[in-house]
Amino acid sequence: MQINYAEVNRLNGLLTQDRRQYENVITRLKVANPDYASQVSVNTASLLEIQEGMRDSGATLISYFVLEGHTLAWVIDDQQSEIVDLPVTNLELLRDVNKLREFLKDTDRSLAGSLYAMLIAPLKPHIRHSYLIIAPHGILNTLPFAALWDGPKSRFLIEDYAITIAPSASALLLISTYHNPDKGHVLALGNPDGTLVAAEGEVAAIAKLYSGAVTLLRNQATEEQVHAHAGELDILHLSAHGVLDEDNPLFSRVELTRSPGYDGNLEVNEIYGLNLSNVNLVVLSACKAALGESSRGDELIGLVLSLIHISEPTRPY
């Protein structure tokens with residue numbers, strides 16, 4: 001069979017064009033939809049409200065704001081707040097963060113150490129807790145903070161602190177206010193294509209933690225299972241390949257197993273249609289799952305943002 005590459009290229013071009021048009025329609029619909037707006041509109045919280053919300057949490061919040069010539073960091077806990085002016089520019093962060101992500105598996109930790117020295121070390125005098133909540137900004141949304149390297153102590157940041165990444169201080173306060181009753185309904189899908197052996201270990205560990213968990217591997221780890229059980233879940237764990245579509249972030253996806261009526265690709269635009277309002281925890285154990293396209297509001301349009309939005313119950317603000 002002879003392949004007509006010109007026709008293939010033409011069809012690929014049309015597909016890309018249609019996807020972009022679809023993405024624009026979906027975006028306009030979300031902006032115009034009052035129910036959607038009520039879920040994603042967050043009033044800016046005051047410092048007092050943030051501190052009150054952090055009471056008894058044992059956490060320190062670090063909120064970054066990257067400017068052209070320097071970077072600001074707010075270090076906040078329930079008792080104190082400090083603003084630290086970091087002499088690191090946006091261009092320096094763009095260069096170093098992208099390099100670190102590119103060479104993350106490299107044994108040379110000098111770049112991770114340099115970023116630690118710029119972003120964490122100057123804040124240490126103000127960090128009083130072993131639990132860090134980090135609200136990134138700009139290019140820092142793509143920085144794997146856990147991998148930052150404390151050279152003098154020869155330790156990664158994750159070895160000294162439990163770390164949570166939050167969209168913003170205000171969103172953190174909103175999210176922490178609402179928690180659903182835990183009924184023990186757990187769905188864990190792993191290693192759909194058979195190439196992620198460690199993913200099966202993750203699912204096996206979950207089965208030991210939750211006696212009633214539904215754990216599905218390989219050809220049983222279908223996209224259909226997510227759609228069928230979404231509304232009844234407390235915890236959803238997906239251990240699979242993640243794909244970032246940089247041109248059309250609404251088509252970024254977790255690759256599961258296909259079944260009749262489902263192509264196996266759980267895409268961002270499909271996640272927006274799921275009912276996950278009862279879910280307390282979604283685990284995306286997948287490459288590039290935390291990445292996306294930066295919006296004007298400094299949110300990364302991708303898998304994580306879609307899950308944050310739809311897992312919040314509709315409520316007035």
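Please set out the environment of A204 residue by residue, giving values where relevant.
Inspection of the secondary structure puts A204 in helix α8 (residues 197-209). Spatially, the C-alpha atoms of A204 and T215 are 7.7 Å apart, while their sequence positions differ by 11 residues.

Tell me about the side chain of E223, residues and numbers included.
Mapped onto the fold, E223 is located in helix α9 (residues 223-229). Although E223 is buried, it forms no salt bridge, and the closest oppositely charged side chain is R258 at an N-O distance of 8.6 Å. A polar contact is formed between the side chain of E223 and the backbone nitrogen of G264, at a distance of 3.0 Å. Aside from chain neighbours lying at most four places away, what touches E223 is L256, T257, Y262, D263, G264, N265, L266 and E270.

Break down the side chain of R253 for me, citing the residues and quoting the values.
Structurally, the position occupied by R253 is in strand β12 (residues 253-255). Residue classification places R253 among the buried positions, given a relative accessible area of 19%. Engagement of the side chain of R253 in a polar contact is seen with the side chain of E255, the distance being 3.5 Å.

Describe the sheet that holds strand β4 (residues 131-135), listing the residues and the values that go with them.
The 5 strands lie next to each other as β3-β2-β1-β4-β7, forming an open sheet whose pairing is mixed. The sheet is open, and its two edges are formed by β3 (81-86) and β7 (162-165), each paired on a single side. Across the sheet, the axes of successive neighbouring strands diverge by a mean angle of 20°, strand direction being ignored. Alignment of β4 against β7, held across 4 bridges, turns out to be parallel. Bridge pairing in β7 places L132 opposite I163.

Conventions used here
- Residue numbers run consecutively from 1 along every chain, following the written order of its sequence.
- The predicted origin of the model limits local features to residues at a pLDDT of at least 70 and limits the giving and counting of side-chain atom pairs to 80 or more, whereas totals for whole chains, interfaces and linings rest on all residues.
- Only hydrogens and water are set aside when side-chain values are computed; all heavy atoms of the structure are taken into account.
- Each helix is a run of H or I in the DSSP string that is no shorter than four residues. Each strand is a run of E no shorter than two, and both are numbered from the N terminus.
- To sort residues, take the accessible area from a 1.4 Å probe on protein chains only and compare it with the maximum for the residue type: under 20% means buried, over 50% means exposed, and anything in between is partly exposed.
- Counted as positive: Lys and Arg. Counted as negative: Asp and Glu. His and the chain ends are not counted at all.
- In what follows, salt bridge is the name for a side-chain nitrogen of Lys or Arg lying within 4 Å of a carboxyl oxygen of Asp or Glu.
- Here a polar contact is recorded for every N or O atom pair within 3.5 Å, except that within protein the pair must consist of a potential hydrogen donor and a potential acceptor, and residues adjacent in sequence are included only if both atoms are side-chain atoms.
- Any pair of residues with heavy atoms lying within 4.5 Å of one another is described as a contacting pair.
- Two strands are counted as paired when DSSP detects at least two bridges linking them.
- Angles run from 0 to 180 degrees between N-to-C directions of axes, and those axes are lines fitted to C-alpha atoms, restricted for helices to the stretch in contact.

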